[in-house]
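A structural walkthrough
Spelled out from the first residue to the last, the chains are:
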Amino acid sequence: MKTFPIELKNAEDVVKLVNVASEFEYDIQLKSGDMLVDAKSIMGAMAMTEMPALELVVCTDRCDQEILALAEHLQPGDRQRKPEQE
């Protein structure tokens, strides 16, 4: 499992994220505090828009190249940083 800080500012960001996340076979989730939703769900992801300390949780260890497709949503200071492994 890998975790990345992420920003979703508006509905357009959510649609882009859900479309890209839906292409992967493994689970991808959005987390803020105790709240956890499926990143492949428009309704779930929409509920996370502008949440503080939002994280993208990718439930696989083999996502290093695939995460580049989601990179536009990662917080600017964290795009160059290696993902955190749990």
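Right, let's walk through the structure included here. Model, not experiment: these values are computed from the prediction. (Residues numbered from 1 in each chain as written. Predicted model: local features only at pLDDT ≥ 70, side-chain atom pairs only at ≥ 80, totals over all residues. Heavy atoms only, no water.)

Regarding the side chain of Thr49
Among the secondary structure elements, Thr49 is positioned in the loop between α2 (42-47) and β4 (55-58). Within the structure, the side chain of Thr49 is placed 3.0 Å from the backbone oxygen of Met46, a separation counted as a polar contact. If we skip the residues at most four places from it in the chain, Thr49 touches Leu8, Lys9, Asn10 and Val14. (Helix = DSSP H or I, 4+ residues; strand = E, 2+ residues; numbered from the N terminus. Polar contact = N/O pair within 3.5 Å; in protein donor to acceptor, adjacent residues only side chain to side chain. Contact = heavy atoms within 4.5 Å.)

Considerations on the pattern of salt bridges
This structure, assessed with the given rule, holds 2 salt bridges. For Lys9, the salt bridge goes to Glu7, with nearest N and O atoms at 3.8 Å. We classify Glu7 as partly exposed; its relative accessible area is 33%. For Lys16, the salt bridge is made with Glu12, and the minimal N-O distance between the two is 3.2 Å. Of the two residues, Lys16 and Glu12 both sit in helix α1 (residues 11-21), 4 residues apart, roughly one turn of that helix. (Salt bridge = Lys/Arg side-chain N within 4 Å of Asp/Glu carboxyl O. Buried < 20%, exposed > 50% of the residue type's maximum accessible area, 1.4 Å probe, protein only.)

Section: the nonpolar core
In terms of nonpolar packing, the biggest core is built from 19 residues, with Ile28, Leu30 and Leu56 touching the most fellow members. Every element with two or more residues in this core is listed here: α1, β2 (28-32) and β4. Take this core: its biggest share by element is 5 residues, from α1. Not counting chain neighbours up to four residues away, the residues in contact with Leu30 comprise Ile6, Leu8, Leu17, Met35, Leu36, Val37, Ala39, Ala45, Met48, Leu54, Glu55 and Leu56. (Core = buried A, V, L, I, M, F, W, Y, C linked by side-chain atoms within 4.5 Å.)

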